[in-house]
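Per-entry structural report
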Amino acid sequence: KVESNSTDYYFKSTTKWELVPNLVNDLCHFLSAIVSISQIQFQSEIEREERQVFSKLADNYIAGFIQKERLKFRQELSEDYKNVRFNAIVNSGSKKINLIKYITGSSSLYFINSLTKATVDFEIANNSPLNPYINKRIALINDISVGFDSKKVFRYMELLEEHTKMPSIRWSEREKIASLI
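Residues numbered from 1 in each chain as written. Predicted model: local features only at pLDDT ≥ 70, side-chain atom pairs only at ≥ 80, totals over all residues. Heavy atoms only, no water.

**Digging into the packing of aromatic side chains**
What counts here: Each Phe, Tyr or Trp ring (for Trp, its six-membered ring) is paired with any other whose centre lies within 6.5 Å, and the angle between the two planes then decides the class: stacked below 30 degrees, edge-to-face above 60, tilted in between. A helix here means a DSSP run of H or I that spans at least four residues, while a strand means a run of E at least two residues long, and both kinds are numbered starting from the N terminus. Each residue's exposure class comes from its accessible area (1.4 Å probe, protein chains only) as a fraction of the maximum for that residue type: buried when under 20%, exposed when over 50%, partly exposed otherwise. Each ring is checked for a lysine NZ or an arginine CZ that lies within 6 Å of its centre and within 35 degrees of its normal; such an atom marks a charge sitting over the ring.
Counted under the stated rule, the structure contains six aromatic pairs. Seen in terms of ring centroids, F54 and Y102 are 5.9 Å apart; in terms of plane orientation they differ by 80 degrees. Their pairing is edge-to-face. Of this pair, F54 sits in helix α2 (residues 45–63) while Y102 sits in strand β5 (residues 96–103), and the two are 48 residues apart along the sequence. Both residues of the pair, F54 and Y102, count as buried. Through a chain of ring-to-ring contacts, three or more aromatic side chains come together here, namely F54, Y61, F65, Y102 and W171. The ring of F86 has K101 lying over it, and the distance from NZ or CZ to the ring centre is 5.4 Å.

**A closer look at the pairing of strand β4 (residues 81–93)**
Basically, it comes down to this: Pairing between strands requires that DSSP locate at least two bridges from one strand to the other.
Examined bridge by bridge, strand β3 (residues 71–78) and β4 share six bridges and lie antiparallel to one another. Of the residues in β4, the one forming a bridge with F73 is A88. Where β3 folds back onto β4 in an antiparallel hairpin, the turn is made up of two residues. Taken together, β4 and the strand that follows it, β5, pair antiparallel across an intervening segment of two residues, in which S94 is found at a positive phi of about 45 degrees.

**Remarks on helix α3 (residues 108–126)**
Under the convention used in this document: Each helix should span, by expectation, one fewer than its residue count multiplied by 1.5 Å. Here, residues are in contact when the closest pair of their heavy atoms is within 4.5 Å.
Taking 1.5 Å as the rise per residue, α3 with 19 residues should run 27 Å; its terminal C-alpha atoms sit 27 Å apart, in good agreement. Along α3, the residues that are buried comprise Y110, F111, I112, S114, L115, A118, T119, D121, F122, A125 and N126. In this structure, the buried side of α3 is in contact with α2, β3, β4, β5, β6 (134–141) and α4 (150–164).

**Notes on the pattern of salt bridges**
Rule in force here: Salt bridge, as applied in this entry: a Lys or Arg side-chain nitrogen positioned within 4 Å of an Asp or Glu carboxyl oxygen.
By the definition in use, this model includes ten salt bridges. For E76, the salt bridge goes to R85, with nearest N and O atoms at 3.4 Å. Exposure remark for R85: the relative accessible area of 38% places this residue in the partly exposed category. E158 is paired through a salt bridge with R155; the nearest N and O atoms lie 3.1 Å apart. With E158 and R155 both in helix α4, this residue pair falls three residues apart, about one helical turn. Overall, E158 belongs to the partly exposed group, its relative accessible area being 31%. On the basis of relative accessible area, R155 is assigned to the partly exposed category, the value being 47%. Within this structure, K101, K117 and D121 form a network of salt bridges that share partners.

**Digging into the nonpolar core**
Note the following rule: Only buried Ala, Val, Leu, Ile, Met, Phe, Trp, Tyr and Cys residues count toward a nonpolar core, and they belong to the same one when joined by side-chain atoms within 4.5 Å.
Residues F86, L99, I103, L115, I141 and L160 are the most contacted members of the largest nonpolar core, which totals 19 residues. Looking at this core, the elements with two or more residues in it are β4, β5, α3, β6 and α4. At six residues, α3 tops the list of elements feeding residues into this core. With residues near it in sequence (within four places) discarded, L99 still touches L77, F86, A88, I89, F122, A125, I134, K136, R137 and I138. Grouped together as the second largest cluster of nonpolar side chains are 16 residues, L71, L140, W171 and I181 included.

Below you can see the structure in the form of structure tokens.
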């Protein structure tokens, strides 16, 4: 490491010429890793707040008409599927459950990411041994979100609805949920 006018320079050196190709290879891998990391988009504070606010609104709405003992929020599908989480799981009696996933985003990119994550979670649930016990698969779409653009998300919503086997419920039409569960 060499410091020069508040700039740090990193380098590798050797006194053996036969090691130069190895050092060049190391440097290429280092540069490739730096470029890859720079392409990662981290969740912004605005996105985190968007998700929290919508989750709270949706949780409160659903809790308003479902008995507390039948409702679990932010629950994994099962012990065997700990990475597959749903925003709400409602016990509908006779060993049946309803899965609810909230979809929102502060930009179209985040909204599409939310849609694709929900699609994958519903697909995993459909292919799991729990599938016979799933009554409804409900996607609650935050259509009042800044990130919602029906033209941009149309195809993603179609794919999601293939896995939920029903139309998505838009937040502006949330009263439909009560009749489903």
